[in-house]
Amino acid sequence: MIWIRKAASRLRALFQKEKLDAEMSEELRAHLEMQEAANRAAGMNADEAHYAARRQFGGVDQIKEQARDQRGWVWLELRLKEFRFAVRSLRRAPGFSWLC
């Protein structure tokens, strides 16, 4: 039963990528804001608290990329992108595709 839930979750990640990315961005933003508020409570001014929170939290883009890799089937996404590229290329050169 666990593998069914995992497969469903990964299919959701494959077809609802924009929605999941927006949810992840919102969650990361909330974590940064909480860290910034903790820094201000510790006595930092607003700018110092903001930059210290970003340093303490780490690279947001790297965290997003790791989460994307873990939630979906990277190999399937790459194959779909390659397939779309191949179709676009063949549509641009129909004479070439007819000869092959």
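Now for a description of the structure that goes with this document. As the structure is a computational prediction, the values presented were derived from the model and not from experiment.

**Observations concerning a nonpolar patch on the surface**
- A cluster of nonpolar side chains, Met1, Trp3 and Ile4, forms an exposed patch at the surface whose accessible area comes to about 410 Å².
- With respect to the helices and strands, isoleucine 4 occurs in helix H1 (residues 2–15).

**Side note on the side chain of lysine 64**
- Among the secondary structure elements, lysine 64 is positioned in helix H4 (residues 60–71).
- There is no salt bridge for the buried lysine 64, and the closest opposite charge comes from aspartate 61, which lies 4.7 Å off by N-O distance.
- Separated by 3.1 Å, the side chains of lysine 64 and serine 25 make a polar contact.
- Ignoring sequence-local partners within four residues, the contact set of lysine 64 consists of Met24, Ser25 and Leu28.

**Regarding the environment of arginine 68**
- Inspection of the secondary structure puts arginine 68 in helix H4.
- Between the C-alpha atoms of arginine 68 and glutamate 27, which are 41 residues apart in sequence, the distance is 14 Å.

What counts as what
Each residue is numbered by its place in its chain's sequence as written, counting from 1. This being a predicted model, a pLDDT of at least 70 is required before a residue's local features are given, and a value of 80 or more before pairs of side-chain atoms are given or counted; all residues contribute to the totals for chains, interfaces and linings. Hydrogens and water are ignored here; the side-chain numbers use all heavy atoms of the structure. Each patch groups residues whose relative accessible area exceeds 30% and which form no salt bridge, using 9 Å between like charges and 5 Å between nonpolar side chains of Val, Leu, Ile, Met, Phe, Trp and Tyr. Values of accessible area rely on a 1.4 Å probe in the Shrake-Rupley scheme; residue burial ignores everything except the protein chains shown. Any Lys or Arg side-chain nitrogen found within 4 Å of a carboxyl oxygen on Asp or Glu counts as a salt bridge. Here a helix means four or more residues in a row that DSSP labels H or I, a strand means two or more in a row labelled E, and each is numbered from the N terminus. For every residue, the accessible area (1.4 Å probe, protein chains only) is compared with the maximum for its type, and the residue is labelled buried under 20%, exposed over 50%, or partly exposed between those bounds. The sign given to each residue is positive for Lys and Arg and negative for Asp and Glu; His and the chain ends receive no count. As used in this structure description, the phrase polar contact means that two N or O atoms lie within 3.5 Å; if the pair is within protein, one of them must be able to donate a hydrogen and the other to accept it, and residues adjacent in sequence are counted only when both atoms belong to side chains. Contacts were defined at the residue level, with two residues in contact if any of their heavy atoms lie within 4.5 Å.

Shape is all these values report; function is a separate question.
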